[in-house]
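Here are the chains, one letter per residue:
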Amino acid sequence: MELNVTTLEGKAAGSVQLSDGIFGLEPRKDLIQRCVNWQLAKRQAGTHKAKGRAEIWRTGKKMFKQKGTGNARHGSARVSQFRGGGRAFGPVVRSHAHDLPKKVRALALRHALSAKAKDGGLIVIDSAELKDAKTKALLGHFSGLGLTSALIVDGAQVHAGFETAARNIPNIDVLPIQGINVYDILRRQKLVLTKAAVDALEARFK
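A quick note: this is a predicted structure, and the numbers were derived from the prediction, not measured.

### Details of the overall build of the protein chain
Here's step 1: Looking only at helices and strands, one finds seven helices and six strands in the protein chain.
Here's step 2: Helices and strands appear in the protein chain in the N-to-C order β-β-α-α-α-β-α-β-α-β-α-β-α.
Here's step 3: Its C-alpha atoms give the protein chain a radius of gyration of 27 Å, more than 25% over the compact-globule value 17 Å for 206 residues.
Here's step 4: If you line up the protein chain on its principal axes, its C-alpha atoms span 95 × 40 × 25 Å.
Here's step 5: Residues counted as buried form 38% of the 206 residues belonging to the protein chain.
Here's step 6: Looking at the protein chain alone, contacts between residues at least 24 apart form 70% of all its contacts between residues at least 6 apart.
Here's step 7: Charged side chains of the protein chain number 35 positive and 17 negative; the gap between the two group centres comes to 22 Å.

Given below as C-alpha cells:
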C-alpha cells in the first residue's frame, strides 16, 4: 500500500510504499488482545499481601475448655473466624507475568499496525527533528497535523530536541523503534512513523 509522506510543517514530502505483510493484514482482535493482556500482566507489581494465621502474633493458648461451655470448640485465636485473626486464602506477593511466544508477539504487532492503517490512524512523516526544543513550536506543528493523541515512533535514536519538546504535551508519546509495542499503539488515536521507523520495521519483518 502507498501512503503520502508529510513534514512536521504539514508540507508534502513524497510518498512511501508500505509492505502489505506489515500494514495490510486483516486485524485479528484475538491476537491483539492476547498481547495486550501479556503486557499489562507483566507490568503488574504483585505486591499485595495479607497475613495468614501463621503470621499473626497472638497467644497459642486454647481459648476455653473443649466441653461444657455451650460454644463451638476452638483452639487458636489466630484463625480467620476471629477479629484480628489471619486471612484465609489471602493475596500473596507474586508475579502476574505469563509467557507468550515470540512469534505471537511479532504477529500481534503487525496486526496492530495493520489496524491503525485500516482505520486511517497512520501518518508517515519524513523526520522528527526540531532545531529549537520548544514545546510551543511543537504544539503548533501538531495542531497543523491534527494530532491531539498520538504515538510518535522514530528510528534507532530519537532526536533530543524533539523528545524534550514533546515531554510536557499530554497524550503524546515518543518512542524509538526498539520500544514500539501493541499497547502503546492502541492507547493513542494516531500512530506517527518517521521514514526511518518504517525502514526499520520493514527490515525487522523482512
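### A word on the nonpolar core
Nonpolar side chains tend to gather and get buried jointly when the protein is soluble and globular.
Here's step 1: If you look at the biggest cluster of nonpolar residues, it comprises 32 residues, and the most contacted ones within it are Phe23, Leu113, Val153, Val182, Ile185, Leu191 and Leu193.
Here's step 2: Listed by contribution, the elements that provide at least two residues to this core are α1 (20-23), α2 (29-42), α3 (102-119), β3 (122-125), β4 (150-153), α6 (182-187), β6 (190-194) and α7 (195-204).
Here's step 3: Ranked by residue count, the leading element in this core is α3, at six residues.
Here's step 4: Residue contacts for Leu191: discarding those within four places in its chain leaves Leu113, Lys116, Gly121, Leu122, Ile123, Leu151, Val153 and Ile185.
Here's step 5: Among the nonpolar cores identified, the runner-up in size contains 19 residues, and Ile123, Ile125, Phe142 and Ile172 belong to it.

### As for the environment of His159
Here's step 1: When you line up the elements, His159 lands in the loop between β4 and α5 (160-166).
Here's step 2: Its relative accessible area of 26% is what places His159 among the partly exposed residues.
Here's step 3: In sequence terms His159 and Ala133 are 26 residues apart; their C-alpha atoms lie 9.9 Å from each other.
Here's step 4: Look past the residues within four positions of His159 in its chain and what remains in contact with it is Ala128, Glu129, Leu130 and Asp154.

### Some thoughts on the pairing of strand β5 (residues 172-175)
Here's step 1: Both faces of β5 are covered, namely the face carrying Ile172 and Val174 and the face carrying Asp173 and Leu175.
Here's step 2: Where β4 and β5 come together, four bridges link them in parallel fashion. When the bridges of β5 are listed, Ala150 appears paired with Ile172.

Thresholds, definitions, all that
Residues numbered from 1 in each chain as written. Predicted model: local features only at pLDDT ≥ 70, side-chain atom pairs only at ≥ 80, totals over all residues. Heavy atoms only, no water. Helix = DSSP H or I, 4+ residues; strand = E, 2+ residues; numbered from the N terminus. Rg over C-alpha atoms; globule rule 2.2 N^0.38 Å. Buried < 20%, exposed > 50% of the residue type's maximum accessible area, 1.4 Å probe, protein only. Contact = heavy atoms within 4.5 Å. Lys, Arg positive; Asp, Glu negative; His and termini not counted. Charge placed at Lys NZ, Arg CZ, Asp CG, Glu CD. Core = buried A, V, L, I, M, F, W, Y, C linked by side-chain atoms within 4.5 Å. Pairing = 2+ DSSP bridges.

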